[in-house]
Amino acid sequence: MLHINHKLALLLYYVLISFLITSCSPTDQKMQWALKNTGQDINGSIGIKGIDIEYMGTEPSTKATIAIIDSGFINSPYLKEQIFINIGEIKDDGIDNDGNGFIDDWCGWDFSLGKCIDYTSITNSHGTEIAHIIASNSDQYIGVTSNAKLINIKIDEEDISPEILVQAINYVESLGANIVNLSLSLPNDSDLLYTTIKNSKMLFVCAAGNDHKQTCTLPARYELENVISVGGITNKGTIRAYSNFGNDIEIGAPGEDILVIDINLNAHFSSGSSYATAFVSGIACELVSLSSFKLTAPQIKELLLKSAKTEITLNGYIQNARIVSMEKALALLVQEQKNNTNDS
């Protein structure tokens, strides 16, 4: 008799059940076409039904750990239970309790100010918008997954450099991160950054950039088995007007007129490959969370790419015209786990 563990049972449940996405206050969730595109009108653009991430909803499971290296995110009520807390550190006692070289890093780190995250210092909404897309756990705003712990890393835009990014990557890996969301770009390359990412066991989900060039920005351009580059698409299944494009971009995801939550908890539309990256990161977290065996970064990437659906309008703009699919990624994971069970 085939034994099906709890996580596999949850996955089978996802494959069999179709979830409804309903409107809710204060945001009209029907306007989040990225989760469910019914052909609704978004800012004057009539979508094409089915051009979305094929959202499946989530049920509680083991939480994946994802680092959001960005402008920092607020302590939002929609992220309740989702924020990573460093249990090795005692809050605000002025002592490096866990001996990792970061004093009082109980809820993340501000690499611009050199101290633990101070939520009142966050004035740029970008990181908060990314965090909500990935893991908002509220019927007020539906994120991709509720099965994620978010490591809060703040680097002000003017401070972003390969050197500071290397520090942040080493830090979050020491905390046990599985995935890193990099909705950012670097002006110049670095051998140290390349080597650091290459040698990491984490998956790096990277924004392709918004320069409308036939290439990726860095670090999305790194052709590594633990880096996946993401371009932004519209609700019609075309490449977003300003998104970078070409064979360097490995997968597409919704990146135009995305409903986001800012630092004041207001909802509005925003666009960019940053948001497309967040949708892919959320699905990657769900795969890690629901897998009955420890997924490596290359395995997560392979599941995302092999399960992607194709859209002919993306030929020449996204490698193999791929669009990420939560439903198909989870179904492929189910099959992989069945195969592993049968082989054991």
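Below: a short report on this structure. Values in this document were obtained by computation on a predicted structure and should not be read as measured data.

Cut-offs applied
- Residues numbered from 1 in each chain as written.
- Predicted model: local features only at pLDDT ≥ 70, side-chain atom pairs only at ≥ 80, totals over all residues.
- Heavy atoms only, no water.
- Helix = DSSP H or I, 4+ residues; strand = E, 2+ residues; numbered from the N terminus.
- Rg over C-alpha atoms; globule rule 2.2 N^0.38 Å.
- Buried < 20%, exposed > 50% of the residue type's maximum accessible area, 1.4 Å probe, protein only.
- Contact = heavy atoms within 4.5 Å.
- Areas by Shrake-Rupley, 256 points an atom, 1.4 Å probe, with all protein chains shown as cover.

### Considerations on the overall build of the protein chain
Within the protein chain one finds seven helices and 15 strands. A globule of 344 residues ought to have a C-alpha radius of gyration of about 20 Å, and the protein chain, at 19 Å, matches this closely. Along the three orthogonal principal directions, the C-alpha set of the protein chain runs to about 55 × 55 × 45 Å. The burial tally for the protein chain puts 58% of its 344 residues in the buried class. Taking all contacts inside the protein chain whose residues are at least 6 apart in sequence as the whole, residues at least 24 apart take part in 68%. Carbon and sulfur atoms form 50% of the exposed surface of the protein chain, whose accessible area is close to 14,100 Å².

### Regarding unusual backbone geometry
In this model, Leu 218 is joined to Pro 219 through a cis peptide bond whose omega is 5 degrees. In this fold, Pro 219 is placed in the loop between strand S9 (203-207) and strand S10 (227-233). Located in the positive-phi region is Asn 43, a residue other than glycine, with phi close to 50 degrees. Structurally, Asn 43 is set in the loop between strand S1 (41-42) and strand S2 (45-46). Its relative accessible area of 53% is what places Asn 43 among the exposed residues. Within the chain, Asp 257 stands out as a residue other than glycine whose phi angle is a positive 50 degrees. Within the secondary structure, Asp 257 sits in the loop between strand S11 (251-254) and strand S12 (258-261). Judged by its relative accessible area of 16%, Asp 257 falls in the buried class.

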